[in-house]
Amino acid sequence: MYLLPINRRNFLKGATATLALTALGANGISLADPAKTLRVGLIGTGWYGKSDLFRLMQVAPVEVVALCDVDKHMLDEAALLVSQRLKSRKKPRLYEDYQKMLAENKLDIVLIGTPDHWHALPTIAALKAGAHVYVQKPISVDVLEGEAMVAAARKYNRVVQVGTQRRSTPHLIEAKKNIVDAGLLGKVSHVEMYCYYHMRSTANPPIKPVPDFLNYNLWTGPAPLRSYDGLPHRRWRNFMEYSNGIVGDMCIHMFDAVRWMLQLGWPKRVYSTGGIYVQKEGAANTSDTQTATFEYDELNCVWQHRTWGTPVNPEYPWGLTIYGEKGTLLASPHQFDFIPVEEGDERIHRDAVYEKEEYPEDLKEEGMELHAAPATRLHMLDFLAAIEKGSKPVADIEQGHISTASCILANLSMELGRPLVYDPVKREITGDPEASALLQRPYRHPWVHPDQDKV
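Residues numbered from 1 in each chain as written. Predicted model: local features only at pLDDT ≥ 70, side-chain atom pairs only at ≥ 80, totals over all residues. Heavy atoms only, no water.

Focus: the packing of helix H6 (residues 120-128) against helix H7 (residues 143-155)
- H7 packs onto H6 with a crossing angle of 10 degrees between their chain directions and a minimal axis gap of 9 Å. Regarding the angle of H6 to H7, the classification is roughly parallel. Where H6 approaches H7, its residues Ala120, Thr123, Ile124 and Leu127 are matched on the opposing element by Glu145, Ala148, Met149, Ala152 and Ala153.
- When grouped by side-chain class, the residues that make up the contact of H6 with H7 number seven nonpolar, one polar and one charged. (Axes fitted to C-alpha atoms, helices over the stretch in contact; angles between N-to-C directions. Helix = DSSP H or I, 4+ residues; strand = E, 2+ residues; numbered from the N terminus. Parallel < 35°, antiparallel > 145°, perpendicular 65-115°, else oblique. Contact = heavy atoms within 4.5 Å. Nonpolar A, V, L, I, M, F, W, Y, C, P; charged D, E, K, R; others polar.)

This is the structure:
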């Protein structure tokens, strides 16, 4: 086993550093001089694919060997930006087909920042090729894709970190340690999670020719082929063909954070209602209003989103509230507040960690989420530590699968109009053959759905 080549100077700068050393502890990274430069490939060079790659480049000296995207303009732009961040100024090799990229390059790490419907197949292919994988959330668009991804990670003994970086968010790590784990909440018997961002498109664009620089057939891949209306580039999340809607985009972050904080596994039962109640004019087919309940013993975790109207609490338009007998914890990617029940007990407030001075290049990055950058850097460090130690990362693929699949079950429950109980051993919805049949989406020919038993 080699020591990961973590750059001492870069690792030890910034507010993340002290927290990283504490969080990683005795099982953390060996801060050695470079012994091996990690060879990295990125599949999906859009907004968050590039962001994840740049955060990794900030904490480890990596060789960005190859980039893959079906959009030539996006691919060329990413190659230029990557070369500007490399000392060598060398541009990576560019690919349209991820399978060719994996076949022609021996990679240590593959980052996957594609649309959701393209997470499962590249992840499994990269694992087979011997790479460790960092894959964005949600890990899959159906439950059995996720089961196959977990099986592949275990079969090929590779580390898979999921981009649920709330588990590595500095102020949320503090909240978990000093409030939840310290017992300040007492018994917890109710959780609310929510998103009130007006993030759902109401546009209804006309059908248009596919541009020459985009391989739209390959972009669509195993998903249904919709008539082209300028879709890729951020609008795909409005369609269930390519995503799990707002539940799969935003609920998964909060639900995963709650499960991590409270040490929860699979919910006993999932029930959801909702639909398109207000924004009926657009082409989007994701819900604009939805409530989902994830049931545990003497605990309900309830999600709600509305893409219209006002938030319940303007200070927390996207976040979670954990109700305990001794106090309440409100948390979001931007801050947290602990409110004790007893008057006179200390209220606690923390804001997100920003590292603008330590990483001034963040300020120049298009679409940069400054509050999320320290979390992603720490998430990458945890990923690297797990690779070195041969251990599971904080957002291991199994944890990502539980959070993803639970959100998918919520959507299926809304569609079917009844509660669902998932059996992860039998991989079926208990007593519900109709629902069980929906655990695997049909794939478009010639793509073949992965099988947990044949990965």
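Structural notes on the sheet that holds strand E6 (residues 160-162)
- Read from one edge to the other, the open sheet built from six strands follows the order E3-E2-E1-E4-E5-E6, with strand pairing classed as parallel. Strands with a single pairing partner mark the edges of an open sheet, and in this sheet they are strand E3 (93-95) and E6. Taking the axes of each pair of neighbouring strands and ignoring which way they run, one obtains an average angle of 20 degrees across the sheet.
- Where H6 meets the sheet, it contacts strand E1 (38-43), strand E4 (109-112), strand E5 (132-135) and E6, and its direction lies at approximately 165 degrees from that of E5. (Pairing = 2+ DSSP bridges.)

Considering the packing of aromatic side chains
- Tallying each qualifying case throughout the model produces eleven aromatic pairs.
- Ring geometry for Tyr216 and Tyr228: centres 5.0 Å apart, planes at 75 degrees, overall edge-to-face. Within this pair, whereas Tyr216 is found in helix H9 (residues 216-220), its partner Tyr228 is found in the loop between H9 and helix H10 (245-262), the two being separated by twelve residues in sequence.
- Of the aromatic side chains, those joined through ring pairs into one cluster are Tyr216, Trp219, Tyr228 and Tyr242.
- The ring centre of Phe54 lies 3.9 Å from the NZ or CZ of Arg85, which sits over that ring.
- The side chain of Arg226 reaches across the aromatic face of Phe239, ending 3.9 Å from its centre. (Phe/Tyr/Trp six-rings, centres within 6.5 Å; stacked < 30°, edge-to-face > 60°. Lys NZ or Arg CZ within 6 Å of the ring centre and 35° of its normal.)

What about the pairing of strand E11 (residues 318-324)?
- Counting buried residues in E11 gives six out of seven residues, a clear majority hidden from the surface.
- Where strand E7 (residues 188-195) meets E11, seven bridges bridge the pair, whose relative direction is antiparallel. The partner of His190 across the bridge, within E11, is Tyr323.
- The sheet contact formed by E11 and strand E12 (residues 327-331) spans four bridges and is antiparallel. Paired with Ile322 across the bridge in E12 is Leu329.
- Hairpin connection, E11 to E12: the antiparallel pair is bridged by two residues. (Buried < 20%, exposed > 50% of the residue type's maximum accessible area, 1.4 Å probe, protein only.)

Some points on the environment of Asn105
- With respect to the helices and strands, Asn105 occurs in the loop between helix H5 (98-104) and E4.
- With a relative accessible area of 8%, Asn105 lands in the buried category.
- Between the C-alpha atom of Asn105 and that of Ala129, which follows or precedes it by 24 residues, the distance is 9.4 Å.
- Each residue touching Asn105, except ones within four places of it in the same chain, is listed here: Arg39, Val65, Ala66, Arg93 and Tyr95.
- A polar side-chain atom of Asn105 sits 3.0 Å from a polar atom in the side chain of Tyr95. (Polar contact = N/O pair within 3.5 Å; in protein donor to acceptor, adjacent residues only side chain to side chain.)

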